[in-house]
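Letter by letter, the chains look like this.
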Amino acid sequence: MFKLNLKIALRNLWKYKGYTAINVFGLSIGLASCILIFIFVRYETSYDKDFANSDRIYRAVTEWKYTDGNEFFSQGVPLPMGPALRNDFSQFEKVASIQRDGGTIKIKAEAGKSEIKKSEDVYYAEPSFFEIFKHKWLYGNPNQSLNAPNQVVLTEKTATDYFGDWHKAVGKSITLNNKTDFKVTGIIKENGPNSSFPINIIFSYASYQNRNLKEWGSVASNSECYVLLKPSVTVNQVTAQLKQFSRKYEHDPNAPGQVGHQFQALSDIHHNDKYGNFADVTTPYKQLWGISIIGLFLLLTACINFINLATAQAVSRSKEVGVRKVMGSRRKQLITQFLSETSLITLIALLIACVLTELALPGMESLFGANVTFELFSHPIVFVFLLSMLILVSFLAGLYPALVMSGFSPALAIKNRVSTANAGGVGLRKTLVVVQFAITAILIVSTLIIIKQMSYIRDKSLGFDTKAIAIIEIPRDSVSQLKFETIKNQILAKKGVKNVSFNSASPSSQSNNETSFTYNSSKSADFQVNVKVADEKYFDTFGLSIVAGRILAKSDTVKEFVVNETLLKKLNVKNPNEAIGKILNLWGSKGPIVGVVKDFNNYSLHDAIAPIAIFSRKNRYNSIAVKLEAKDLVNTMKEIEATFNANFPDYVYDAKFLDDEITNYYHTEQVTGTLFKVFAGVVIFISFIGLFGLISFVATQRTREIAIRKVLGASNMELIKMLNSSFMWMVLIANMIAWPVAYIFVKEWLSGFQYRIDLSVWPFIVAMIISMTITLITVTLRSYRAAKANTIDALKYE
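Residues numbered from 1 in each chain as written. Predicted model: local features only at pLDDT ≥ 70, side-chain atom pairs only at ≥ 80, totals over all residues. Heavy atoms only, no water.

Chemist: Talk me through the pattern of salt bridges; I want residue IDs and the actual numbers.
Modeler: Two side chains carrying opposite charge are able to pair once their charged atoms lie near each other. One pass over the full model with this rule turns up 17 salt bridges. A salt bridge links K627 to D465, with the nearest nitrogen and oxygen atoms 2.6 Å apart. Of this pair, K627 sits in strand β22 (residues 623-628) while D465 sits in the loop between α15 (426-459) and β12 (469-473), and the two are 162 residues apart along the sequence. Look at K627 and you get buried, because its relative accessible area is 10%. (Salt bridge = Lys/Arg side-chain N within 4 Å of Asp/Glu carboxyl O. Helix = DSSP H or I, 4+ residues; strand = E, 2+ residues; numbered from the N terminus. Buried < 20%, exposed > 50% of the residue type's maximum accessible area, 1.4 Å probe, protein only.)

Chemist: Describe in detail the sheet that holds β12, supporting the description with residues and values.
Modeler: If you trace the four strands from one edge of the open sheet to the other, you get β13-β22-β12-β23, paired in antiparallel fashion. A strand with exactly one partner marks an edge of an open sheet, and here the two such strands are β13 (497-503) and β23 (655-657). The average angle at which neighbouring strand axes cross in this sheet is 25 degrees, direction not considered. Bridge count for β12 against β22 is five bridges, and the pairing is antiparallel. Looking at β22, one finds that I472 is bridged to I624. Strand contacts of helix α17 (residues 484-492): β13 and β22, with the helix running at about 160 degrees to β13, the strand carrying the most contacts. Where helix α21 (residues 633-647) meets the sheet, it contacts β12, β13, β22 and β23, and its direction lies at approximately 150 degrees from that of β22. (Pairing = 2+ DSSP bridges. Axes fitted to C-alpha atoms, helices over the stretch in contact; angles between N-to-C directions. Contact = heavy atoms within 4.5 Å.)

Chemist: Which residues make up the side chain of S207, and what values do they have?
Modeler: Tracing the backbone shows S207 in the loop between β9 (201-204) and β10 (223-229). When its relative accessible area of 13% is taken as the criterion, S207 is described as buried. A polar contact is formed between the side chain of S207 and the backbone nitrogen of N150, at a distance of 2.7 Å. Within polar-contact distance, the side chain of S207 engages the side chain of S204 at 2.7 Å. Apart from the residues lying within four places of it in its own chain, the contact partners of S207 are Y124, A148, P149, N150, Q151 and F182. (Polar contact = N/O pair within 3.5 Å; in protein donor to acceptor, adjacent residues only side chain to side chain.)

Chemist: Break down the packing of α17 against α21 for me, citing the residues and quoting the values.
Modeler: Running from N to C, α17 and α21 cross one another at 160 degrees; their axes reach a closest spacing of 10 Å. By the angle class used here, α17 and α21 are roughly antiparallel. The hand of the α17/α21 crossing is right-handed. For the pair formed by α17 and α21, the contact residues are T486, I487, Q490 and I491 on the first element and I640, T643, F644 and N647 on the second. Tallied by class, residues from the contact of α17 with α21 come to four nonpolar, four polar and no charged. (Parallel < 35°, antiparallel > 145°, perpendicular 65-115°, else oblique. Left-handed = near helix turned anticlockwise from the far one by under 90°. Nonpolar A, V, L, I, M, F, W, Y, C, P; charged D, E, K, R; others polar.)

And the structure:
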């Protein structure tokens, strides 16, 4: 029976080659898009799932709430929190602190090899970190390899890069920042790319030195703490004790805000952009839901195409159904036959979709980052998904047409008197077309608004100059500080250099430090201030505007401050000139406010402008900002690199351009915009090839009607208008349905930006014009062909 059904299915597919081609082409593109989306979503949801006991691993995070309603969140915790949690909570099986840092790694030259010198992210971890996060140890173990000072553990890849073979790395030494030698005491397998822990070089925590090791008032995002709950303990049980824990160690009645902590599940770390992580990559669940909905839209659109064409085609196959019923075929057998045809089409489309997916995967990898790799058949769940797609689409697209065609009356079917009205219902086909075009309109509106918002972000002034400014990291040790003035003058002397400034961070930076302060009194303000440490050239280098007073005077220590307008607004100081001369006290230093700078965005455009204080402090400078002339950048940067290497031969030159750094703030939105453009294009394409197939069938069914109208005097234009009208009305109704849905979606998406475009009716109008124009062109082309057909041949049509 199966062999017979297959043979009949192949024969029918070949008989109706045009409709088969449209269905296979539309389904294969839709299925390929769905597979790509599934691979991406599966990859994103697989983050940090490879660790044993992952459901019992939590990260301690910090929150601040202020009386003015502001809230701040950090992935970091005070450095003494790890030991305190270990001491005060019996519900934890393990507690581990880990610290991220950076530095210059040097490997001494060996026979036949040159010295290795690299700037790397490094981590300091307690042995218990590797008891919480189980890694495969190729050599050593956490209790022996990280239990004493001056020990380091490397990943297999890092050890191989440094020493040629990880076996040779064991027992060797690496030097950090030209000061301390660390012995390689362990080798582990590195984490995969879908991990929030890109740790390659791990020093023993006993080697970590910081003046805040016992300071509860200092929190940095580089200081994380993880806990492993005992099997019988729930997170709610330990969360209830956190308030008492915070009061015990951090209660300060004079503090401007209330500090608290939460335990964040390991599974939430990659998907919660409120805190961040060591990988500096987050993908919120709302983005995954949005992309998944697009995938559903694609699948639905492809299935609607199939149903429309299949039910419309049912009239052509009515005689076949009648003959089969007269010969004794039961309805169940006919349904099986028609479903077999649908399954065969879906299988062919799925195979083509797999080929298209493989061709598209390099583009996906490029879009999401060089360290991301997608593979079609990398996991058994992919095969399960493909099989599920085959079954789902076969039933979703094939069941209704099969029920319609198998239900024809044999008498009417043999006489070829089955009309389009009872062959699947004209009303249903119109409804499906409306749904299809509503989906298309939603994606067009969403894409237009996303493009407009991203253009707004690119063009909006941040309140300072971002073009042709290079940010170069510099060492901060005391010996290097003696060379600061020398290298500054050498760089300034180069052709193409306009200005040079030492600072801790550019005006808009991912590196932000908030601190309490007092303004002209002994009482702390009820909010924190964002601090920028910079020299007197900071303002000219970044093109910052002074609205009152003057810029900072040249100084190596904290002597005076420049504040922004937002700080004064929050202090209820209406006239900037009133603030000049008032005393600011922060970081244990006092000084007068000598200037007020015009507001600039210190975060991305997702966030509001923070109150800011700028002051000088030489020992906190960690970068040089170099303002360059736009022409001949490459040669100028090469000369600057040579100057850096001459002054700091033991360190690694690392330079980035500020505008590139700012562009990276919106990587998630750029990816979203690209996906919407691509998949909106796919949905439009699928919709209109289906529309072309449907109008082709309608035109064929109405051949005699068209011929009679021509004989009675109807012009070609009138006939085209007649065929166009019903489709144009459907597209218009679809847009009216799509507008409210699209409005809700884009309004929610735009709410994630503090600075955003104003929603207007134009994107909705443009979406309607686009969909109606393409419909008009598609239907007119096919209608014109029908209207121009030979009248005599048409009247003979049966």
